[in-house]
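# Observations on the three-dimensional arrangement
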Amino acid sequence: MVKYKWTLMMTMLLIALTAAFLLQGMDRSTASGDLSDPFLDPYALSLAHRHAGPAMESAAEKGVRMQLSWPQGEPAAGEPSLLALTVVNGRGATVNDFAISNEKLLHLIVVSKDLQQFQHVHPAYKGDGLFELPIAFPSGGGYKLYADFLPKGMNELTRIGEVEVQGAAAAPSILKPSESLVAHVDGMKVELAFAEKPVPQTAMNMTYTFTDEQTGEPIEDLELYLGAVGHVVAIDQKTEQFIHIHPLNWASSGPQAVFGVSFPAGGLYKIWGQFQRNGQTLIVPFVIQV
């Protein structure tokens, strides 16, 4: 009996110490780059997360819609325009309560239909389901707007809108796969590698590796960007498939950021990796064939 009580006390002590360690780490700004890190996200690892996708939405979630308007007039290239975005449910009533996801109530990805222009912005919540943001479009033409938000009591939802921006369009550009998945950004060499050849509807890891482009030394001072080592957005050439990808080793500070992804269909995809170092947000784009 004494031995049993001693074992029970030691087990409880170990549980308490482990819990204290985890709670302490929740507020840290950097962490180990090791994939065995205790802050590995098990939901991202299983590719579940809270992006359930349209096919997995409940009836109430399917009824949630995004309404776009331009209170100060239709947008024109090169001029700030006020965007008003209202979230309503299936009955047409506004959705008023949102949970924070990755440090924000709503993430808005704005891309030109040729995928040459990219913005990741965060409209301010004004209450009564309304978000507002002044936004400038660099050129005229068609744009897609992808909003990610988390109504309380639901899964994270993605809703898509469109806008035609007045003004001169950018020079035509043909989307084609990147010749190399290596980029040089602010003194860093950034390499993207897939665990296997990307094919549709297959779960796989993709890894960004950061090294100093002069010395080749690993970069280990990445900062958390929106609560994680990085975020990745992937959109197909037709702008029909949208994937917001979260990292597996979310609290890493480098030299690797590892993401779990499953592409829903084949085709060309443009991938924007978003990271932060020295207080600056870095965007690393590549184009791949799935």
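In case you missed it, the structure is sitting above this.
Residues numbered from 1 in each chain as written. Predicted model: local features only at pLDDT ≥ 70, side-chain atom pairs only at ≥ 80, totals over all residues. Heavy atoms only, no water.

### Description of the sheet that holds strand β14 (residues 256–261)
- Here 4 strands make up an open sheet; going across it, the order is β9-β10-β11-β14 and the pairing antiparallel. The strands lining the two open edges of the sheet, one partner per strand, are β9 (182–185) and β14. Sheet twist, expressed as the average angle between the axes of neighbouring strands with direction ignored, equals 20°.
- As paired strands, β9 and strand β10 (residues 188–194) are joined by 4 bridges and run antiparallel to one another. Bridge pairing in β10 places His184 opposite Lys189. (Pairing = 2+ DSSP bridges. Helix = DSSP H or I, 4+ residues; strand = E, 2+ residues; numbered from the N terminus. Axes fitted to C-alpha atoms, helices over the stretch in contact; angles between N-to-C directions.)

### Notes on the pairing of strand β13 (residues 242–245)
- Where burial is concerned, the two faces of β13 agree: the one with Phe242 and His244 and the one with Ile243 and Ile245 are both buried.
- The antiparallel pairing of strand β12 (residues 231–236) with β13 creates a hairpin that spans 5 residues between the two strands, and Thr239 there sits at a positive phi of about 55°. (Buried < 20%, exposed > 50% of the residue type's maximum accessible area, 1.4 Å probe, protein only.)

### What about the packing of aromatic side chains?
- Per the counting criterion, the structure on display carries 14 aromatic pairs.
- Summarising the aromatic geometry, the rings of Phe98 and Tyr125 are spaced 5.4 Å apart at their centres and angled 75° between planes, so their arrangement reads as edge-to-face. Highlighted residues: Phe98 in the loop between β2 (81–88) and β3 (106–112) and Tyr125 in strand β5 (residues 124–127), separated in sequence by 27 residues.
- On the basis of relative accessible area, Phe98 is assigned to the buried category, the value being 8%.
- With 4.9 Å between their ring centres and 75° between their planes, Phe210 and Phe275 make a pair best called edge-to-face. Residue Phe210 is located in strand β11 (residues 204–212), and its partner Phe275 is located in strand β15 (residues 268–277); the two are separated by 65 residues in the primary sequence. There is no split in this pair, since Phe210 and Phe275 are both buried.
- Joined through ring pairs, the aromatic side chains of Phe98, Tyr125, Phe131 and Phe149 make up one cluster. (Phe/Tyr/Trp six-rings, centres within 6.5 Å; stacked < 30°, edge-to-face > 60°.)

### Re the sheet that holds β5
- Strand order in the open sheet formed by 4 strands is β1-β2-β6-β5, and the pairing between neighbours is antiparallel. Every interior strand has two partners, whereas the edge strands, β1 (65–69) and β5, have only one. Taking each pair of neighbouring strands and ignoring which way they run, the sheet shows an average axis angle of 30°.
- Sheet topology note: the β5/strand β6 (residues 130–135) ladder contains 3 bridges and is antiparallel.

### What about the side chain of Thr86?
- For Thr86, the position within the fold is in strand β2.
- For Thr86, a relative accessible area of 18% translates into the label buried.
- The contact partners of Thr86, leaving out residues within four places of it in the chain, are Arg65, Met66, Gln67, Thr94, Gly129 and Leu130. (Contact = heavy atoms within 4.5 Å.)

### Details of the nonpolar core
- Core analysis: the largest hydrophobic core is formed by 29 residues, its most contacted members being Met206, Tyr208, Phe210 and Phe263.
- Sorting the residues of this core by element identifies β9, β10, β11, β12, β13, β14, β15 and β16 (280–289) as the ones contributing at least two each.
- Excluding residues that lie within four positions of it along the chain, Tyr208 makes contacts with Val190, Glu191, Leu192, Val232, Pro255, Gln256, Ala257, Phe259, Ile271, Gly273, Phe275 and Phe286.
- Counting 23 residues, the second-largest nonpolar core is a separate cluster that includes Leu85, Phe131, Leu133 and Phe137. (Core = buried A, V, L, I, M, F, W, Y, C linked by side-chain atoms within 4.5 Å.)

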